[in-house]
Amino acid sequence: MAQIKLVASDIDGTLLNSDKKISYRTIETVEKLKQMGVHVVLCSGRPVSGVMPHLKKLGLTDHDNYVITFNGAKSSNVTNTKVIKTHPLGYDDFVKFHDLAQKLGFGMQVVTLKSEIFTTSANISKYTVRDAFNTNMQIKYRPADLISPDIEIAKIMFVDDPTRISKLGGQLPKEILTDYYAVRTGSWSFEFMNKDASKWNALMDLCEYLGIDPAETMAIGDQNNDLTMLEKAGIGVAMANGNDLVKKTADVLTPSNDDDGVAQAMERYILK
């Protein structure tokens, strides 16, 4: 087994326990990895602003600490002064998904690389408000014809009642699933990104920048947007609270997010 030089961890349901907190054991373990020179990289669908409170808790706030945001559409250092790579969508993609959302009757929001949430509906969805609160992003209402042609989109989200979102996959045109990275990321959200945007591709971009062999990485997660990195990392670690596909895909299983699963994986495979 290769020596692990970088750990990529999902946040919700993985790093955070059910109380949305990072345990003291995890904080201590991350500090030990830092002292060994191991990179600890948080990977999230959130922007840097939504990840920063957790980075601060872990002491990962220096310019040489890194983060993967928007589910892989962007990799950068945590101070956002060095962007490693982005995989954006553009205006034509916005038009296509706006028309699709109207046709299917789903709420839609656009998240930009500048950490803004645009909604084209004056009746702003409660799910959009919830997302803005959780990620510390600003909501901007813009009618579709006022969206700038120069917009750089990190991801497009369909947001709606969980019962409706659970059926969305079967309603999507085949070309959407072929031309985009499409993944359900929560009970009330389904995300669409550049087909080159995934947590694994962003991790590969970061490994290339840091001179780390992908075999020297550990990835930890619990949901479908973690699958790409769990499948291809040197060690893919599934949380015990993860879904069945995640546990089937990963190399190993660690205890749940309420039982210090992240810390235990780091201790077992790196601090052994």
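Just above sits the structure.
Below is a summary of the structure that appears in this document.

Rules used throughout
- Residues numbered from 1 in each chain as written.
- Predicted model: local features only at pLDDT ≥ 70, side-chain atom pairs only at ≥ 80, totals over all residues.
- Heavy atoms only, no water.
- Helix = DSSP H or I, 4+ residues; strand = E, 2+ residues; numbered from the N terminus.
- Expected span 1.5 Å × (residues − 1).
- Buried < 20%, exposed > 50% of the residue type's maximum accessible area, 1.4 Å probe, protein only.
- Arc of directions from axis to C-beta.
- Contact = heavy atoms within 4.5 Å.
- Phe/Tyr/Trp six-rings, centres within 6.5 Å; stacked < 30°, edge-to-face > 60°.
- Lys NZ or Arg CZ within 6 Å of the ring centre and 35° of its normal.
- Core = buried A, V, L, I, M, F, W, Y, C linked by side-chain atoms within 4.5 Å.
- Salt bridge = Lys/Arg side-chain N within 4 Å of Asp/Glu carboxyl O.
- Patch = residues over 30% accessible without salt bridge, like charges linked within 9 Å, V, L, I, M, F, W, Y side chains within 5 Å.
- Areas by Shrake-Rupley, 256 points an atom, 1.4 Å probe, with all protein chains shown as cover.
- Pairing = 2+ DSSP bridges.
- Axes fitted to C-alpha atoms, helices over the stretch in contact; angles between N-to-C directions.

## Examining helix α2 (residues 24-36)
Along an α-helix, residues three or four apart share an orientation, since each turn contains 3.6 residues.
(1) Moving on: Spanning 13 residues, α2 covers 19 Å between terminal C-alpha atoms, matching the ideal 18 Å at 1.5 Å per step.
(2) Moving on: For α2, the set of buried residues is T26, T29, V30 and L33. Down the axis of α2, the buried set is contained in an arc of 100 degrees. They therefore lie on one face. Opposite the buried face of α2, at more than 90 degrees from it, the exposed residues are Y24 and Q35.
(3) Moving on: Those residues of α2 that are buried are in contact with β1 (6-10), α1 (11-15), β2 (39-43), α3 (48-58) and α11 (261-269).
(4) Moving on: Positive phi shows up at G37, right after α2, with a value of about 85 degrees.

## Re the packing of aromatic side chains
(1) Moving on: Inspection of every chain in the model, using the stated rule, returns nine aromatic pairs.
(2) Moving on: Judged by centre distance (5.1 Å) and plane angle (65 degrees), the ring pair of F158 and F192 falls under edge-to-face. Of this pair, F158 sits in strand β9 (residues 153-159) while F192 is found in strand β11 (residues 189-194), placing the two residues 34 residues apart along the sequence. The two residues F158 and F192 agree in class, both being buried.
(3) Moving on: Clustering of aromatic rings is evident, with ring pairs tying together F97, F106, F158, Y180, F190 and F192.
(4) Moving on: The side chain of R164 reaches across the aromatic face of F106, ending 4.1 Å from its centre.

## Examining the nonpolar core
(1) Moving on: Among the nonpolar cores identified, the biggest contains 28 residues, and V7, M218 and I220 are the most heavily contacted of them.
(2) Moving on: Only α1, α2, β2, α3, β12 (217-221), β13 (235-239) and α11 provide two or more residues apiece to this core.
(3) Moving on: Ignoring any residue separated from it by four or fewer positions in sequence, one finds V7 in contact with L33, V38, H39, V40, V41, M218, I220, M266 and I270.
(4) Moving on: Counting residues in hydrophobic clusters, the runner-up holds 22 residues, among them L89, I165, L172 and Y180.

## Quick notes on the pattern of salt bridges
(1) Moving on: If you walk through the whole model with that rule in mind, you get ten salt bridges.
(2) Moving on: E31 is paired through a salt bridge with K34; the nearest N and O atoms lie 3.1 Å apart. Of this pair, E31 and K34 both sit in helix α2, separated by three residues, roughly a single helical turn.
(3) Moving on: The partly exposed category is assigned to E31, whose relative accessible area is 33%.
(4) Moving on: If you follow the salt bridges from partner to partner, you end up with D10, K199 and D226 in one network.

## Here we look at a nonpolar patch on the surface
(1) Moving on: Together, I124, V129 and Y141 give the surface a local cluster of nonpolar side chains, amounting to about 250 Å² of exposed area.
(2) Moving on: Relative to the helices and strands, I124 resides in the loop between β7 (116-119) and α5 (126-135).

## Thoughts on the pairing of β1
In summary, the side chains of a regular strand alternate between the two faces of the sheet.
(1) Moving on: Burial analysis of β1 places five of its five residues in the buried class, which makes it a mostly covered element.
(2) Moving on: Burial along β1 is two-sided: L6, A8 and D10 and V7 and S9, pointing in opposite directions, are all buried.
(3) Moving on: Taken together, the five bridges between β1 and β2 define a ladder with parallel strand orientation. Across the sheet, V7 pairs through a bridge with V40, a residue of β2.

## Concerning helix α8 (residues 199-210)
(1) Moving on: Here α8 spans 16 Å end to end across twelve residues, near enough to the 16 Å set by a 1.5 Å rise per residue.
(2) Moving on: For α8, the full list of buried residues reads K199, W200, A202, L203, D205, L206 and C207.
(3) Moving on: Two residues or fewer past α8, G211 is found with a positive phi of approximately 75 degrees.

## Considering the sheet that holds strand β8 (residues 138-141)
(1) Moving on: Taken together, the six strands give an open sheet; going across it, the order is β8-β7-β6-β9-β11-β10, and neighbouring strands pair in mixed fashion. Taken across any chain shown, the strands that pair with only one partner, and hence form the sheet edges, are β8 and β10 (180-186). With direction set aside, neighbouring strand axes in the sheet form an average angle of 25 degrees.
(2) Moving on: Pairing of strand β6 (residues 107-112) with β9, which is carried by six bridges, proceeds in the antiparallel orientation. Considered in β9, the bridge of V111 is made with K155.

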